[in-house]
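Residue-level listing of the chains:
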Amino acid sequence: QVQLVESGGGLVQAGGSLRLSCTASGNPRSIKAICWYRQNPGKSRDLVARITSAGTTNYADSVKGRFTMSRDMVKNTAYLQMNSLKPEDTAVYFCNARYQLASTTYESDAWGRGTQVTVSS
């Protein structure tokens, strides 16, 4: 139904910026919301930011004022602009999509494979 691919991760110094991309394929018009999560080995996967189909955004307290989500409906891509990066932002970042299954009223989730973000001190 929906497949996601993340890109844009890399190595950056503290205080620097990165922009992550999440591109959807399959049936992207069925997506209700896109979320960014992050996770380190042995740790939980934590919600970072969310954007709904209406364009409203929400952010974890730890990234408010530094991270911004946006979307390009033509490119079927959601972005996470990360500014003023800190070493504690280092993690694998995953894109998640909540979408409605075709010809049903049921919803499901799709996940990308993740992209590594490393912030050096």
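Let me sum up the structure you'll find in this document.

Cut-offs used in this document
Residues numbered from 1 in each chain as written. Predicted model: local features only at pLDDT ≥ 70, side-chain atom pairs only at ≥ 80, totals over all residues. Heavy atoms only, no water. Helix = DSSP H or I, 4+ residues; strand = E, 2+ residues; numbered from the N terminus. Rg over C-alpha atoms; globule rule 2.2 N^0.38 Å. Buried < 20%, exposed > 50% of the residue type's maximum accessible area, 1.4 Å probe, protein only. Contact = heavy atoms within 4.5 Å. Areas by Shrake-Rupley, 256 points an atom, 1.4 Å probe, with all protein chains shown as cover. Lys, Arg positive; Asp, Glu negative; His and termini not counted. Charge placed at Lys NZ, Arg CZ, Asp CG, Glu CD. Pairing = 2+ DSSP bridges.

**A word on the overall build of the protein chain**
Step number 1: Summing up its helical and strand segments, the protein chain has 0 helices and 11 strands in all.
Step number 2: N-terminal to C-terminal, the α/β element order of the protein chain is β-β-β-β-β-β-β-β-β-β-β.
Step number 3: Expected size for 121 residues packed as a compact globule is a radius of gyration near 14 Å; at 14 Å, the protein chain falls within 12% of this value.
Step number 4: Taken along the three principal axes of its C-alpha coordinates, the protein chain extends 50 × 30 × 25 Å.
Step number 5: Burial status across the protein chain gives 36% buried among its 121 residues.
Step number 6: Across the protein chain, the fraction of contacts at a sequence separation of at least 24, relative to all contacts at a separation of at least 6, is 54%.
Step number 7: Element-wise, carbon and sulfur atoms account for 47% of the exposed surface of the protein chain, whose accessible area totals about 6600 Å².
Step number 8: Computed over 14 positive and 8 negative side-chain charges, the separation of the two mean positions in the protein chain equals 3 Å.

**Side note on the side chain of Arg66**
Step number 1: Checked against the element boundaries, Arg66 lands in the loop between β6 (57-59) and β7 (67-72).
Step number 2: For Arg66, the contacting residues outside a window of four places in its chain are Gln81, Met82, Asn83, Ser84, Leu85, Lys86 and Asp89.

**Re the environment of Ile31**
Step number 1: With respect to the element layout, Ile31 can be found in strand β4 (residues 31-39).
Step number 2: The exposure class of Ile31 is buried, given its relative accessible area of 15%.
Step number 3: Along the backbone, Ile31 and Ser108 are 77 residues apart, and their C-alpha atoms lie at a distance of 9.4 Å.
Step number 4: With sequence-adjacent residues up to four places away left out, Ile31 is seen in contact with Val2, Ala24, Ser53, Ala97, Arg98 and Tyr99.

**Overview of the pairing of β7**
Step number 1: The pairing of β7 with strand β8 (residues 77-82) spans 6 bridges and is antiparallel. In the sheet register, Ser70 faces β8, and the bridge partner there is Tyr79.
Step number 2: In sequence, β7 turns back onto β8 through a hairpin of 4 residues, with Asn76 there showing a positive phi of about 55 degrees.

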